[in-house]
Amino acid sequence: MVPLNLSPLLLVSLFILSAARSAFSYTCGFPYDSQKIRGVNLGGWLVLEPWITPTLFDVTGDSRIIDEYTYCQYQDKTKAAAALKVHWDTWITEQDFKDIAAAGLNHVRIPIGYWAFDVASGEPWIQGQVAYLYKAIAWAQKYNLKIIVDLHGVPGSQNGFDNSGQKMNSPTWHLNATNVQRSNAVITKIASQFKDMSGVIPAIAALNEPAGWYGTAMMNVVKQFWHDSYGNIRYPYGGDRTSNTVVIISDAFQPASYWRGFMPAPRWDGVMLDTHIYQVFDNSLVRWSEDQHIKAACSRGPGLQESGLWTVVGEWSPARTDCAKYLNGRGVGARYDGTYPGSSRVGSCAGFSGKAVTFSDSYKTFLRKFWEAQTKAYETERGWIQWCWKAEQADEWSYQAGLKNGWIPQNPTNRLYPNICN
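Residues numbered from 1 in each chain as written. Predicted model: local features only at pLDDT ≥ 70, side-chain atom pairs only at ≥ 80, totals over all residues. Heavy atoms only, no water.

## Points about the overall build of the chain
In plain terms, the rule: Numbering goes from the N terminus for both helices and strands, where a helix is a DSSP run of H or I of at least four residues and a strand is a run of E of at least two. Our radius of gyration is a C-alpha quantity, and the globule rule it is checked against amounts to 2.2 Å times the number of residues to the power 0.38. Here's how the labels work: a residue is buried when its accessible area is under 20% of the maximum for its type, exposed when over 50%, partly exposed in between, all with a 1.4 Å probe on protein chains only. Should any heavy atoms of two residues lie within 4.5 Å, those residues are considered in contact. Charge assignment in this entry is limited to Lys and Arg as positive and Asp and Glu as negative, and neither His nor the chain termini are counted. Charge positions come from single atoms, namely NZ of Lys, CZ of Arg, CG of Asp or CD of Glu.
From N to C terminus, the chain includes 11 helices and 8 strands. In terms of overall dimensions, the chain is globule-like: its C-alpha atoms have a radius of gyration of 21 Å, near the 22 Å expected for 422 residues. The principal-axis extent of the C-alpha atoms belonging to the chain is close to 60 × 55 × 45 Å. The buried share of the chain, taken over its 422 residues, is 59%. Excluding contacts between residues fewer than 6 apart, the proportion of contacts in the chain whose partners are at least 24 apart in sequence is 76%. Positive and negative charge centroids in the chain, built from 38 and 36 side chains respectively, lie 3 Å apart.

## Things to note about the side chain of R320
To keep it simple, the criterion reads: Here a polar contact is taken to be a pair of N or O atoms separated by no more than 3.5 Å, where protein atoms must pair a possible hydrogen donor with a possible acceptor and residues adjacent in sequence count only if both atoms sit in side chains.
On the secondary structure map, R320 appears in the loop between strand 7 (310–316) and helix 10 (361–378). A polar atom in the side chain of R320 sits 2.9 Å from the backbone oxygen of W288.

## Some details on the UniProt feature "domain: Glycoside hydrolase family" (unreviewed entry) in the chain
What counts, and what does not: UniProt positions are given in the numbering used here, feature names are shortened, and annotations may be inferred rather than shown by experiment.
Those residues carrying the UniProt feature "domain: Glycoside hydrolase family" (unreviewed entry) are residues 82–282 in this numbering. Between the C-alpha atoms that bound residues 82–282 the distance is 37 Å, and the span itself is 34% helix and 15% strand.

## Some details on the packing of aromatic side chains
Our working rule: Pairing of aromatic rings covers Phe, Tyr and the six-membered ring of Trp, with a centre-to-centre limit of 6.5 Å; geometry is then stacked below 30 degrees between planes, edge-to-face above 60, and tilted otherwise. Two limits define a charge over a ring: the Lys NZ or Arg CZ must be within 6 Å of the ring centre, and within 35 degrees of the ring normal.
In this structure the tally under the stated criterion is 35 aromatic pairs. Judged by centre distance (5.5 Å) and plane angle (85°), the ring pair of Y114 and W115 falls under edge-to-face. The pair formed by Y114 and W115 is uniform in burial state, with each residue classed as buried. Taking 5.0 Å as the distance between ring centres and 80° as the angle between the ring planes, the aromatic pair formed by F359 and Y363 counts as edge-to-face. The same class applies to F359 as to Y363, namely buried. Linked through ring pairs, Y336, F352, F359, Y363, F366, F370 and W407 together constitute an aromatic cluster. The positively charged end of R241 is found above the aromatic ring belonging to Y237, 4.0 Å away from the centroid. In this structure, K390 packs its charged tip against the face of W91, placed 4.5 Å from the ring centre.

## Points about the sheet that holds strand 6 (residues 271–277)
For clarity, the threshold we go by: Any two strands are treated as partners once DSSP identifies two or more bridges connecting them. As a rule, the C-alpha atoms of each element are fitted with a line to give its axis, helices using only the stretch in contact, and angles between N-to-C directions run from 0 to 180 degrees.
Pairing is parallel around the closed barrel formed by 8 strands, whose spatial order is 1-2-3-4-5-6-7-8. The average angle at which neighbouring strand axes cross in this sheet is 25°, direction not considered. The pairing of strand 6 with strand 7 spans 6 bridges and is parallel. For H276, the partnering residue across the bridge sits in strand 7 and is E315. Along the sheet face, helix 8 (residues 216–234) touches strand 4 (203–205), strand 5 (246–250) and strand 6 and points at about 160° away from the line of strand 5.

## Brief notes about the confidence of the model for the chain
Spelled out, the test is: Each residue gets a pLDDT score, which is the predictor's confidence in that residue and runs from 0 to 100.
When pLDDT is averaged along the chain, the result is 94, and 94% of the positions lie at 70 or above. Taken element by element, the chain is modelled with least confidence in helix 1 (residues 8–19), mean pLDDT 40, and with most confidence in strand 2 (residues 107–113), mean pLDDT 99. Throughout residues 1–6 the model reports pLDDT below 50, and contacts reaching past four residues in sequence, or to other chains, amount to 18 contacts. Under a pLDDT of 50 for its full length, residues 8–24 has, in the predicted model, 24 contacts with residues more than four places off or in other chains.

## What about helix 6 (residues 129–142)?
Rules: A helix is expected to reach a length of 1.5 Å times the quantity of its residues less one.
The first and last C-alpha atoms of helix 6 sit 20 Å apart over 14 residues, in line with the 20 Å expected at 1.5 Å per residue. On its buried face, helix 6 is in contact with helix 3 (68–73), helix 4 (77–91), helix 5 (94–102), strand 2, strand 3 (146–153) and helix 7 (177–193). Immediately downstream of helix 6, the backbone of N144 shows phi near 60°, a positive value.

## Topic: the pattern of salt bridges
To be explicit about the condition: The term salt bridge refers to a pairing of a side-chain nitrogen on Lys or Arg with a carboxyl oxygen on Asp or Glu at a separation within 4 Å.
Under the defined criterion, the tally for this structure stands at 15 salt bridges. Across the pair K325 and D58 runs a salt bridge whose closest N-O atoms are separated by 2.8 Å. Taken together, the positions of K325 in the loop between strand 7 and helix 10 and D58 in helix 2 (residues 54–58) put the pair 267 residues apart, joining distant regions of the chain. For K325, a relative accessible area of 36% corresponds to the partly exposed category. On the basis of relative accessible area, D58 is assigned to the partly exposed category, the value being 28%. For R382, the salt bridge identified is with E381, shortest N-O distance 3.2 Å. Judged by relative accessible area, which is 9%, E381 ranks as buried.

## Thoughts on the nonpolar core
Counted only if it meets this: Nonpolar core, defined: a set of buried Ala, Val, Leu, Ile, Met, Phe, Trp, Tyr and Cys residues in which side-chain atoms within 4.5 Å join the residues together.
Ranked by size, the top nonpolar core spans 119 residues in total, and within it W45, W51, F97, W226, W397 and Y399 carry the most contacts. What W397 contacts, discounting residues up to four positions off in sequence, is W51, Y278, V280, F281, S317, A319, A324, L327, Q386, W387 and C388. Residues Y32, I37, I248 and M272 belong to the second largest nonpolar core, which totals 11 residues.

Written out as structure tokens, the structure is:
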């Protein structure tokens, strides 16, 4: 286990903050104190997720391939690399950035795995993602969008989810000092590469969704990692000069109140808390009525301010079921229709997931109301970033599909139900 103490780099950083704050100005690349974050996640692009692009996994014909690690492990390397290149070239293009900007959004959050920057001996990962990240930067600059670079997976996995790159029964990242050291090195590399690009990359998310439910064994390591990431991201020049980059830390599935007093301003400048809110990954939640989903969304607003930190809802969705194919893992069923282990059937998934052409008008009306309720609630703090921009077979999750089919407005400030949370 990594002890919770202040690293030498952090001590230097804190000394500089207290003794020489007036020597260097700090200017955010986006006015987070006065404007709302309205954005989308480019999920499934530089980190594979079976539910976002199920065809990419199904065409392998190999049921062992359940995440990006096994995608690289169980296929011919040349074949897998060629398929990944086609995917990277086509899943997100300049047109997507143009459409995102035209929809009135101002941020894209781009998940990327540690393996894009560091592959150790014996690991099967295929690299090439960083070149596409640079393409995204150029497109964002062209269309006046801001990018949050999000480290979505680390060695040993921080949560055991397939979206960390490697699905496993329990994460081991926090149990191995080498894992954490490699993760710090990756954050240092990311911060160094983009330290002078805060105009387009105003923030770096140090690590997505560490599994805080593992208790102090995980949380002690997570909090130390936040401290070290602060030093790495805010002081990337190797001296007393600060960057203008905001450090985004995950709430690690802890309530906002847990983080009150952690890394407070002004001692710690430029820290934002990221929380993810879904209403589908629990047997009881998928049983809720439409009104219950909407009321629960509206109720989340006041709690977002309890940490005392800037807070963004960095992932959320208008979906009300977990019916999307492979959402719970490749080959794993859904709670809603009772095919998920340990669940009991609520109803049929027909008409709740898939292509919008199968959705009823009443369901589309609910999606609009649920979208409006969530965005209104989340804008009581810094704002929101919907998961995700597009999905191959799950339009209820797709911002792009929502725009096309009318449950998401072309201007995110337009409201059909302005009093929905009143």
